Structures are given as C-alpha cells and as structure tokens.
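Fold and contact review
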Amino acid sequence: MTTPASRPRLKTRFKPARLKLSSDQPTRPLARLSLHDQLVAKVREMIIDGELAAGAALPERMLCETFGVSRTPLREAFKILAAEGLIELRPHRTPVVTPIDAREIAEIFDVMVALDAAAGLAASIRATVDDIAKLDAMHAELVALHGASERAAYFRLNQQIHLEITRLAGNAVLLNMWSTLHASVFRARAVANYDASRWDESLREHEAFMALLRARDAQGFARALSAHTRKTGDSVLQMLAQAKPETGG
C-alpha cells in the first residue's frame, strides 16, 4: 500500500509529548469559506489520524493561533466533535481527546457483533436493487480512497456504509441502539486502521460481504458483516493493549 504523504506538523510552545503536535510551520490557517465545517473536519482528521492522541489536551489559544480563528467557531466545532464522542468537554477545564476504555470497548463490540448480524440479515432481505446499487457506489469510492491512502476520508465513508446497511434493516430500535453504541466506539474504531495490514484486510472483508449482498445471500452476508465487526473489535483491542505501556492507560 502506498505510504500516505506526511502532512506539515504544527509548531507550538506546548510540549509535543503531551499534545502530539509539532511542526516546522508556525500555522495551518483555514480558508474563510465554510469555516465551521472546516474546523470540525480538520480537528476530526487530526484525531482519527492519531496526530492528536487519546487523552491529549486541546488548548483553545493554541488551536486558534494554529488555524487563525477566534474561539467562537472553535467552540462550536468542539460541540460537534463532543457529540461524536471524539473529545470531552469539561467545565472550567481544557477539553481533551476522549480517552479509550478498553474494557468498555470490548463490551460494546460484543453487542455490536450481534446487532450487525441482525441488521445484515434484515438489510439483505429488504434491500432493493437501487439500495444495493447505492452501496456498490459507496464501496467503489471506498476502494478508491484506500488506493489513494486517504485514511480519514476512508474511515468516514466506511462508517457511512455501515450506517446505511443498518438503516436498510428497517428497524428503528435497532438503528437507534447501533447508532448510540457506534458513537461510543467511533474513536476506537479508527485505531484499527492505523495498522496497514488490518486496513488492507478490512477492505477485503468489505469486498467479500458486498459480493454476498449482491448475490442475495442473506445468511452469508449477515455472518460476514458480523465477523467483520468482530475482527475490527479484536484489532482495536490488540492495538490498545500494545499502546498501554506507553500511555499508562
């Protein structure tokens, strides 16, 4: 797989070990067009790509200087990222990138494996030709993003595909449960794709379960989708265990 091009790092007076931020360039300002959306996307990308590590502090002044913005749009962006479970907003304290609790993540994945089996079975039965065509188009884009080593964009589209499959199941209760649990592991799921071999393996799993969906093999699709979630969970937990001696958590 092609190695992603390194992005310029941020230069700041804060300790790099604490923030995981350093750079030869003093700022990385954003264009004024769609400022709020750009802030959300940029900080989200920094978290998903690991540039901002779990537990890292997010000083407002440093980020405002880095992006050339005021505190108002940054704080609005923080609210969106907090709703996604990527950061924690703490009263009268500096926001932090959400720490990852390995035990909680393991328990959530146990439930999501079962939910994906149920969602996959129902979605395969209920999906129309147009529904499958839409998923096929999303999958084709996913393959292209993988080939271009666009990790953050790949991850977001990956999650959209899983959400669309769950929506196609046609069960509002299941969709609500899945969405709630997914928000809790959103940050952790990104960790699995930090490993290049797992990223490649994950894409192959997507290709396999999409082939089963096209073939209208409902049972096979459900099993493959569920197994994919199980492997993702195992990969996340393995990487968290490897990181534990360094993070102390």
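Note: the structure precedes this text.
Computed from a predicted structure; not experimentally measured. (Residues numbered from 1 in each chain as written. Predicted model: local features only at pLDDT ≥ 70, side-chain atom pairs only at ≥ 80, totals over all residues. Heavy atoms only, no water.)

Comments concerning unusual backbone geometry
Despite not being glycine, His92 shows a phi value in the positive range, around 60 degrees. With respect to the secondary-structure elements, His92 resides in the loop between β1 (87–88) and β2 (96–97). Phi is positive for Arg216, close to 60 degrees, though the residue is something other than glycine. By the secondary structure assignment, Arg216 is in the loop between α9 (196–214) and α10 (218–247). (Helix = DSSP H or I, 4+ residues; strand = E, 2+ residues; numbered from the N terminus.)

Some words on the nonpolar core
Across soluble globular proteins, you tend to see nonpolar side chains buried next to one another. By size, the foremost hydrophobic cluster in this structure holds 24 residues, and its most contacted members are Leu39, Ile47, Leu52, Leu58, Leu63, Phe67 and Ile87. Taken together, the elements giving at least two residues each to this core come down to α2 (35–48), α3 (60–67) and α4 (71–83). Broken down by element, the residue count for this core peaks at seven residues, all from α2. Counting 19 residues, the second-largest nonpolar core is a separate cluster that includes Leu142, Leu145, Leu168 and Trp199. (Core = buried A, V, L, I, M, F, W, Y, C linked by side-chain atoms within 4.5 Å. Buried < 20%, exposed > 50% of the residue type's maximum accessible area, 1.4 Å probe, protein only.)

Points about the packing of aromatic side chains
Per the stated rule, a full pass over the model turns up two aromatic pairs. Taking 5.3 Å as the distance between ring centres and 80 degrees as the angle between the ring planes, the aromatic pair formed by Tyr154 and Trp199 counts as edge-to-face. Linking Tyr154 in helix α7 (residues 151–168) with Trp199 in helix α9, this pair joins segments that are 45 residues apart in sequence. Measuring from ring centre to ring centre gives 5.8 Å for Phe209 and Phe221, while their planes differ by 75 degrees; the resulting arrangement is edge-to-face. Placement of Phe209 in helix α9 and of Phe221 in helix α10 is noted, with a sequence separation of twelve residues between them. For Phe221, a relative accessible area of 0% corresponds to the buried category. (Phe/Tyr/Trp six-rings, centres within 6.5 Å; stacked < 30°, edge-to-face > 60°.)

Brief notes about the packing of helix α5 (residues 102–126) against α7
At a minimum axis distance of 7 Å, the contact between α5 and α7 shows a crossing angle of 70 degrees. Overall, the two elements α5 and α7 adopt an arrangement that is roughly perpendicular. Relative to α7, α5 is oriented so that their crossing is left-handed. The segment α5 lies against α7, with Asp116, Ala119, Ala122, Ala123 and Arg126 engaging Ile165, Thr166 and Leu168. The residue makeup of the contact of α5 with α7, split by class, is five nonpolar, one polar and two charged. (Axes fitted to C-alpha atoms, helices over the stretch in contact; angles between N-to-C directions. Parallel < 35°, antiparallel > 145°, perpendicular 65-115°, else oblique. Left-handed = near helix turned anticlockwise from the far one by under 90°. Contact = heavy atoms within 4.5 Å. Nonpolar A, V, L, I, M, F, W, Y, C, P; charged D, E, K, R; others polar.)

Notes on α4
Compared with an ideal rise of 1.5 Å per residue, which puts 13 residues at 18 Å, α4 spans 18 Å between its outermost C-alpha atoms and is within 8% of the ideal. For α4, the complete set of buried residues consists of Pro73, Leu74, Ala77, Phe78 and Leu81. Axial view of α4: buried residues confined to an arc of 145 degrees, hence all on one face. Set apart from the buried face of α4 by more than 90 degrees, the exposed residues are Thr72 and Ala83. Within two residues after α4, Gly85 carries a phi angle of roughly 80 degrees, on the positive side. (Expected span 1.5 Å × (residues − 1). Arc of directions from axis to C-beta.)

Examining α5
Relative to the 36 Å expected for 25 residues at 1.5 Å per residue, α5 spans 35 Å between its end C-alpha atoms, a close match to the ideal helical length. Along α5, the positions that sit buried rather than exposed are Ile105, Ile108, Phe109, Met112, Val113, Leu115, Asp116, Ala119, Gly120, Ala123 and Ser124. The backbone nitrogen of Arg103 lies 3.1 Å from a side-chain oxygen of the residue at the head of α5, namely Asp101. (Polar contact = N/O pair within 3.5 Å; in protein donor to acceptor, adjacent residues only side chain to side chain.)

Digging into the environment of Val236
Within the secondary structure, Val236 sits in helix α10. Separated by 51 residues in sequence, Val236 and Val185 have C-alpha atoms that sit 9.7 Å apart.

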